[in-house]
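Next come the chains, spelled out residue by residue.
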Amino acid sequence: MVLLHVLFEHAVGYTLLALKEVEEISLLQPQVEECVLNLGKFHNIVRLVAFSPFASSQVALENVNAVSEGIVHEDLRLFLETYLPTKKKKVLLGVGDPKIGAAIQEELGYSCQTGGVIAEILRGVRLHFHNLVKGLTDVSACKAQLGLGHSYSRAKVKFNVNRVDNMIIQSISLLDQLDKDINTFSMRVREWYGYHFPELVKIINDNATYCRVAQFIGNRKELNEEKLEELEELTMDGAKAKAILDASRSSMGMDISAIDLINIESFSSRVVSLSEYRQSLHTYLRSKMSQVAPSLSALIGEAVGARLIAHAGSLTNLAKYPASTVQILGAEKALFRALKTRGNTPKYGLIFHSTFIGRAAAKNKGRISRYLANKCSIASRIDCFSEVPTNVFGEKLREQVEERLSFYETGVIPRKNLEVMKEAMVQAEEAAAEITRKLEKQEKKRLKKEKKRLAAIALASPENSSSTQEECEELNEKPKKKKKQKLQENGTEDPPVSSPKPKKRKSLPMEELVNNDLETATNGNLPKRKKSLTKPEPVSEPEEAANRSVLKKKRKLSLKEEPLSSGPEEAVSNKTSKKKKKLKLAQED
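This report concerns the structure included in the present document.

Cut-offs applied
Residues numbered from 1 in each chain as written. Predicted model: local features only at pLDDT ≥ 70, side-chain atom pairs only at ≥ 80, totals over all residues. Heavy atoms only, no water. Patch = residues over 30% accessible without salt bridge, like charges linked within 9 Å, V, L, I, M, F, W, Y side chains within 5 Å. Areas by Shrake-Rupley, 256 points an atom, 1.4 Å probe, with all protein chains shown as cover. Salt bridge = Lys/Arg side-chain N within 4 Å of Asp/Glu carboxyl O. Helix = DSSP H or I, 4+ residues; strand = E, 2+ residues; numbered from the N terminus. Core = buried A, V, L, I, M, F, W, Y, C linked by side-chain atoms within 4.5 Å. Buried < 20%, exposed > 50% of the residue type's maximum accessible area, 1.4 Å probe, protein only. Contact = heavy atoms within 4.5 Å. Axes fitted to C-alpha atoms, helices over the stretch in contact; angles between N-to-C directions. Left-handed = near helix turned anticlockwise from the far one by under 90°. Nonpolar A, V, L, I, M, F, W, Y, C, P; charged D, E, K, R; others polar. Pairing = 2+ DSSP bridges.

It is worth spelling out a nonpolar patch on the surface at this point. On the surface, Trp192, Tyr195 and Met254 cluster together to form a nonpolar patch covering roughly 340 Å² of accessible area. Structurally, the position occupied by Met254 is in the loop between α14 (238–249) and α15 (258–292).

In structure tokens form, the structure reads like this:
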């Protein structure tokens, strides 16, 4: 007997359910549909076998991405191998997605089933899932689904392979809209300013130039020969500037007030700014097309290539189209009208705007359009699926179209496609190697800058913490350095003077020291230093004189600073001396 299990993927985790009475259930599909809504009846049909929750939201996102792409994730493999029976021939696994079912059957060997009763049972599991799993509430299940849905959608938008094509599609759509708007606004300026200066319309044909000239001239009566040089700069033609000046003197236009002229000038300035923005947008589109589809843009131009990508939806979709579809892309209405009326089908669509079809003769337009569509499909596939896209193939394909045109006109046999592609392959390899070398250099520079930035951040953090310590150390070192500098200056400029070594005092007991201090205080004389046992070094006569003068100054200063002892101080000193004498006598006894 075959055991039917159902795999259900939820935002919380994987669930495996077993079905009771498989044969009866498969025969009674209408009764199953009725039992799905009732929880009690549904429990009689379905039994929970195992539930494996996801460890984190990141793991859930990885598993959902794998299931959507038809790949068996390692978690799913372990779950099925653990809880499904070992005898694979007796197991039938029901899944919701045919892709994942085919992957499970190929990798794990379990026979899978989709659709029919499985879809109804999965609908019931989705409805009663929070009741089947213990500890899971309806609110928590809804929150998990919402969070996973947001993260899945964000990941899909982030890793969208057509995200660069979207910029091209939007820019070419805006460019076409700007062309229409600028044309409409320019016609409005021509009609408005034509009341005052109608002859200017016949002299200047370009819309943007007309708006600039109208803004510059203003009132035609004020135009004179002094403004002729500036007018030549605007028109880029001396003859036109002279014709405008002559026409302004004998114009048939009406007079215009100052307020009307201000409005015309402001509107014409808006049209001029729109035309300038249109030029900048065109340069942006050219740079994008050279990055995304260089071969296609080299073959038929940036504008036509961008229109083909926009009409197809993306570069990948354009690469999937056959050459016959690329040929009539943009002429769908004419095609279906021809099929309906059984008339002649269109020969070209958007590729008609390329220069090749216009240069061909009337009888060769269909041939060259078919040949050009073939080369466009090749170029789009090269751009879409090559790792390092280059414009080498586009230039070679353009040369082939040129040779085909000359063949239709003169009969010169063009080169074979094999020879041209061999040359293109060699040049493309060289160009790709050069591009990869440049990219590697840019990456190295970026890494170096990143390392420097990180090192600066790492140095800045300990500097802030130990700044106070360094400042204290610098403050302590500054006076030491100043003393050293002074000594060095003295040593270099003046002869070295040997300073007398300080004589060591003999170690005396405390009583004698106190007595000596008291005697000196009473007499008012300084204590005489006893001669040290060590003999002084021989000193020269000038050095002795200098030393004596220094000693005399020190003695004078010490006499001034030390005050004479008063009466109460003498009494205190006598008491201390008596106590010390008694202690001395006690020690001798």
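Back to the text.
Attention now goes to the nonpolar core. Formed by 37 residues in total, the largest nonpolar core has its most connected members in Leu296, Ile300, Ile309, Leu318 and Leu372. Elements with a minimum of two residues in this core: α10 (163–194), α15, α16 (294–300), α17 (302–312), α18 (315–320), α21 (355–359), α22 (365–385) and α23 (392–410). For Ile309, the residues in contact, after removing those within four places along its chain, are Asp165, Ile169, Met289, Ala293, Leu296, Ser314, Leu315 and Leu318. With 24 residues, the next largest nonpolar core counts Leu7, Val72, Leu84 and Tyr110 among its residues.

This paragraph deals with the packing of helix α12 (residues 207–217) against α15. Put simply, α12 and α15 touch, their axes get as near as 9 Å, and they point 145° apart. Relative to α15, α12 is oriented so that their crossing is left-handed. Within the contact between the two elements, α12 uses Ala208, Cys211, Arg212 and Gln215 and α15 uses Glu265, Ser268, Ser269, Val271, Val272, Ser275 and Glu276. For the contact of α12 with α15, a count of residues per class yields four nonpolar, four polar and three charged.

Let us now look at the pairing of strand β1 (residues 3–9). For β1, the buried fraction is high: five of the seven residues fall into the buried class. Across four bridges, β1 lies against strand β4 (residues 91–94) in parallel orientation. Paired with Leu4 across the strands is Leu92, a residue of β4. Here β1 runs beside strand β2 (residues 13–19); their pairing, made up of five bridges, is antiparallel. Paired with Leu7 across the bridge in β2 is Leu16. In textbook terms, the turn of a hairpin is the stretch between consecutive antiparallel strands, and for β1 and β2 this stretch comprises three residues.

That is the geometry; function is a separate question.
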